[in-house]
Amino acid sequence: MRIVVLVSGTGSNLQAVIDAVASGELPDVQIVAVGADKHGTYGVQRSADAGIETFVVNFKDYPQRSEWNHALTEKCLSYQPDYVVSSGFMRIVGEEFINAFDGTYINTHPALLPSFPGAHGVRDALAYGVKVTGCTVHIADAGVDTGPILRQEAVTVLPEDTEDSLHERIKVVERRLLIATLADLAAKQHSS
Ligand code: GRF
């Protein structure tokens, strides 16, 4: 199963996938490329260090969002992936991208969707005062953190939690869930 992973930041969840592929935990998964929406991300650096092909479709280089979206779509298509995984990719992709990867664009989100969508899922959950939050892996559609849920798991909020401490505990679960989801999808592909 060929996957392209998109990142905007440190890529610690991506690193977990790289490690799972390297250790043989995901024998049928190949990371064919890692892409970012800006230069200088640690996620791209990690991937290059691991010998994975990388690319940047720099959002700021395109005067129109639609032009950036087109370039990203074309770039991802060029790798002929079975799935594109948004792993901390902090840009909303447009219709052209969603249509090109209809049902095969996977997103991870650090909250129990449909609660707390958007860029600040952990902060918003904490501010609301929920006692349980979690993470979601889902097929992304044209909305913001919407689309069919593949896996979800709860994480308890502790009284002393800060956004960072809670996010770190969520990410531990998120990594496991993402790897399990990729294993599920690869197994499904294998048997079809
Ligand atoms: C994850 O919690 C992801 O769901 C969120 O950003 C985090 C990515 O962290 N949107 P990292 O770049 O994998 O360390």
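Since the model is a prediction, treat every value here as computed from it, not as a measurement.

Conventions and cut-offs
- Residues numbered from 1 in each chain as written.
- Predicted model: local features only at pLDDT ≥ 70, side-chain atom pairs only at ≥ 80, totals over all residues.
- Heavy atoms only, no water.
- Core = buried A, V, L, I, M, F, W, Y, C linked by side-chain atoms within 4.5 Å.
- Buried < 20%, exposed > 50% of the residue type's maximum accessible area, 1.4 Å probe, protein only.
- Helix = DSSP H or I, 4+ residues; strand = E, 2+ residues; numbered from the N terminus.
- Contact = heavy atoms within 4.5 Å.
- Phe/Tyr/Trp six-rings, centres within 6.5 Å; stacked < 30°, edge-to-face > 60°.
- Lys NZ or Arg CZ within 6 Å of the ring centre and 35° of its normal.
- Near = heavy atom within 4 Å.
- Polar contact = N/O pair within 3.5 Å; in protein donor to acceptor, adjacent residues only side chain to side chain.
- Areas by Shrake-Rupley, 256 points an atom, 1.4 Å probe, with all protein chains shown as cover.

**Things to note about the nonpolar core**
In terms of nonpolar packing, the biggest core is built from 38 residues, with Met1, Ile3, Val5, Val17, Ile31 and Leu182 touching the most fellow members. Of all elements in the fold, only strand E1 (2-7), helix H1 (12-22), strand E2 (30-36), strand E4 (83-86), helix H5 (121-128), strand E6 (132-139) and helix H6 (163-191) reach the threshold of two or more residues within this core. If you tally residues by element for this core, the top one is H6, at nine residues. Sequence-distant contacts of methionine 1, that is, excluding residues within four places in its chain, are made with Asp28, Val29, Gln30, Asp82, Tyr83, Leu182, Leu185, Ala186 and Gln189.

**A short note on the packing of aromatic side chains**
The full count for this structure, using the stated rule, is six aromatic pairs. With 5.2 Å between their ring centres and 75° between their planes, phenylalanine 59 and tryptophan 68 make a pair best called edge-to-face. Tryptophan 68 shares its class with phenylalanine 59; the two are buried. Ring centres 4.9 Å apart and planes at 50° place the aromatic pair phenylalanine 97 and phenylalanine 101 in the tilted group. In this structure phenylalanine 97 comes out as buried when scored by relative accessible area, which is 0%. Phenylalanine 101 gets classed as buried once you look at its relative accessible area, which sits at 3%. Members of the aromatic cluster, connected to one another through ring pairs, are Phe59, Trp68 and Phe89. Over the ring of phenylalanine 59 we find arginine 91; its NZ or CZ atom is 3.8 Å from the centre of that ring.

**Focus: the site of the ligand**
Around the ligand, the structure places Thr10, Gly11, Ser12, Asn13, Gly88, Met90, Thr108, His109, Pro110, His167, Lys171 and Glu174. Within the backbone of glycine 11, an N or O atom sits 2.8 Å from an oxygen atom of the ligand. Asparagine 13 has a polar backbone atom sitting 2.9 Å from an oxygen atom of the ligand. Its free accessible area being 370 Å², the ligand has 91% of it covered by the protein chains.

**Section: unusual backbone geometry**
Going from leucine 113 to proline 114, the amide bond is cis rather than trans, its omega being 10°. Assignment of secondary structure puts proline 114 in the loop between strand E5 (105-109) and H5. A positive phi is found at phenylalanine 116, a non-glycine position, where the angle reads about 55°. When you line up the elements, phenylalanine 116 lands in the loop between E5 and H5. In this structure, aspartate 145 takes a positive phi of about 60° despite not being glycine. The residue aspartate 145 is located in the loop between E6 and strand E7 (149-156) in this model. Residue aspartate 145 is classed as buried on the basis of its relative accessible area of 17%.

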